[in-house]
Amino acid sequence: MKINVTKMAKFADSTTGRLAATYLALIMLMSLGFSVVIYNVSDHQLHRQATSSSSVDDSSGIFDQNNIAFRQAVRSFLSDRASEARGELLWNLILLNVSVGLVGAGVSYYLARRTLAPIEAAMASKDQFISDASHELRTPLTALQTTNEVALRKPELSLKEAKELIAENIQETKRLKYLTDGLLGLLKEAQTNTLDRTEVSLQDIVSETMNQIVIYAQDKDITVEDVVPNIKIYSNPHILTQILTILVDNAIKYSPSKSTVTIGVKQAKKSVVISVRDEGIGIKATDLPHIFDRFYQADNSRSQASTQGYGLGLAIAKKLVSSIGGEIFAKSVIAKGSTFFVKLPIK
Ligand code: ADP
């Protein structure tokens, strides 16, 4: 894993800071706005109360000089009380805004983290993908470069040697093409329109898969048996064929010649389970939880010179299965064989 962690952390920090500051500015803007409204309304009320309580109709002239003095005293008392109340209100509003600012800073930071966390996770996964992909491309490319350079340095290169070198190069480029196809597949599947669903016959899916893998099976003299009843489900036929092809292709790849691969289907109330069983090398219990990870290859399969993969097939299969609402899992006994299961909703 070669992700630049410090760069990511710096990015996260500065972005979180900026987003939190924006949230805080919004919170403060609302709080100050409300405070201004509350202050103005209260000020207006106080002013009205002070003037109305002290203004008594004197048109009849029944109030004498003492009464007028009393009224002035009341007016000045009320006006003092109003100023005091105004001052208190102002202080309370200032205190309230300081508290909102402090609490708001915490809340803003929390909200900013919550908003950014999934984006950062997506970025980290993309970085990981690029880093893994570059790493995987680098090895065969370096091998290709080295063999060519060594051959070129030879003073005399016979025609036979040159042809062998070209054949090796072609073999290596084929592997590279296989790898880039797999990488593109991983990216493309994310964009596949999984909403294109129709009624699909599982027997049709199996025959379509058989057409694609028959050559590999014949090549290794492997029998592929299918015991699939005529079940129809509502799904995406293109995706289903891709999933099954990956599983059967692996079953052939990791099985000895003259063995049997069996495709079966079991139906439950709301789901069907498609299984692909082989009598191959099996998968260690410690490898089993990782085989659906990108670029993961169990040691025993790496050491098999004839089975050169890149650990992408099952990652693609898992992505495809979840895109149509299913689940994929496997069980295996080392040196006895493996069974892969794909559980799919009928509707
Ligand atoms: P690869 O291109 O290496 O086959 P996959 O993603 O298809 O990549 O498989 C990941 C790993 O899981 C393989 O390298 C192999 O170790 C293991 N594996 C997958 N299918 C089988 C199987 N049918 N039998 C044994 N091992 C398997």
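Each remark here, short or long, concerns the structure printed above.
Residues numbered from 1 in each chain as written. Predicted model: local features only at pLDDT ≥ 70, side-chain atom pairs only at ≥ 80, totals over all residues. Heavy atoms only, no water.

Draft legend 1. Quick peek at the pairing of strand β3 (residues 232-235). Of the two faces of β3, only one is covered, namely that formed by Ile-233 and Ser-235; the face formed by Lys-232 and Tyr-234 stays uncovered. Pairing analysis gives four bridges linking strand β1 (residues 198-201) to β3, with the strands arranged antiparallel. Looking at the pairing, Thr-198 lines up with Ser-235 of β3. (Buried < 20%, exposed > 50% of the residue type's maximum accessible area, 1.4 Å probe, protein only. Helix = DSSP H or I, 4+ residues; strand = E, 2+ residues; numbered from the N terminus. Pairing = 2+ DSSP bridges.)

Draft legend 2. The nonpolar core, seen in detail. With 52 residues, the main nonpolar core has Leu-202, Val-224 and Ile-263 as its most contacted residues. Looking at this core element by element, the count peaks at nine residues for helix α5 (residues 237-253). Residues in contact with Ile-263, not counting those within four places in the same chain, are Val-206, Met-210, Val-224, Glu-225, Asp-226, Val-227, Val-228, Leu-244, Val-248, Ile-274 and Ser-275. (Core = buried A, V, L, I, M, F, W, Y, C linked by side-chain atoms within 4.5 Å. Contact = heavy atoms within 4.5 Å.)

Draft legend 3. Quick peek at the packing of helix α4 (residues 202-219) against α5. Where α4 meets α5, the closest approach of the two axes is 9 Å, and the angle between their N-to-C directions is 40°. Compared by their axis directions, α4 and α5 come out oblique. Viewed along their axes, α4 and α5 form a crossing whose handedness is right-handed. In this structure, α4 contributes Leu-202, Ile-205, Val-206, Glu-208, Thr-209, Gln-212, Ile-213, Tyr-216 and Ala-217 to the contact, and α5 contributes Pro-237, Leu-240, Thr-241, Leu-244, Thr-245, Val-248, Asp-249 and Ile-252. Of the residues contributing to the contact of α4 with α5, the split by class is eleven nonpolar, four polar and two charged. (Axes fitted to C-alpha atoms, helices over the stretch in contact; angles between N-to-C directions. Parallel < 35°, antiparallel > 145°, perpendicular 65-115°, else oblique. Left-handed = near helix turned anticlockwise from the far one by under 90°. Nonpolar A, V, L, I, M, F, W, Y, C, P; charged D, E, K, R; others polar.)

Draft legend 4. Here's a closer look at the environment of Tyr-296. You can see Tyr-296 is positioned in the loop between β5 (271-277) and α6 (299-302). Classification of Tyr-296 by relative accessible area gives partly exposed; the value is 26%. A sequence separation of 18 residues divides Tyr-296 from Leu-314, and the C-alpha atoms of the two residues are 9.1 Å apart. Polar contacts involving the side chain of Tyr-296 include one to the side chain of Asp-287, which spans 2.4 Å. (Polar contact = N/O pair within 3.5 Å; in protein donor to acceptor, adjacent residues only side chain to side chain.)

Draft legend 5. Seen up close, the sheet that holds strand β2 (residues 223-227). With respect to topology, five strands assemble into an open sheet ordered β2-β4-β5-β7-β6, the strand pairing being mixed. The two strands at the open ends of the sheet, each matched to only one other strand, are β2 and β6 (327-333). For this sheet, the mean angle separating the axes of adjacent strands, direction not counted, is 15°. Pairing between strand β4 (residues 260-267) and β5: six bridges, direction antiparallel. Counted as the bridge partner of Ile-263 is Val-276 from β5.

Draft legend 6. Representation of the pattern of salt bridges. As enumerated under the stated definition, the model contains seven salt bridges in all. In this structure, Arg-81 engages Glu-84 in a salt bridge whose closest nitrogen and oxygen atoms are separated by 2.8 Å. Taken together, the residues span about one helical turn, with Arg-81 and Glu-84 both in helix α2 (residues 65-153) at a distance of three residues. Note on Arg-81: relative accessible area 42%, which makes it partly exposed. With its nearest N and O atoms 3.2 Å apart, the salt bridge here joins Asp-221 to Lys-258. (Salt bridge = Lys/Arg side-chain N within 4 Å of Asp/Glu carboxyl O.)

Draft legend 7. Structural context of the packing of aromatic side chains. Tallied over the entire structure, the rule returns two aromatic pairs. On the basis of an interplanar angle of 80° and a centroid distance of 6.3 Å, the ring pair of Phe-292 and Phe-340 is categorised as edge-to-face. Of the two residues, Phe-292 sits in the loop between β5 and α6 while Phe-340 sits in strand β7 (residues 337-345), which places them 48 residues apart along the sequence. Accessibility classification places Phe-292 together with Phe-340 in one group, the buried group. (Phe/Tyr/Trp six-rings, centres within 6.5 Å; stacked < 30°, edge-to-face > 60°.)

Draft legend 8. Fine view of the side chain of Ser-332. Within the secondary structure, Ser-332 sits in strand β6. There is a polar contact of 2.7 Å between the side chain of Ser-332 and the backbone nitrogen of Ile-283. At 3.2 Å, the side chain of Ser-332 forms a polar contact with the backbone oxygen of Gly-337. Setting aside anything within four residues of it in sequence, one finds Ser-332 in contact with Gly-282, Ile-283, Leu-288, Gly-337 and Ser-338.

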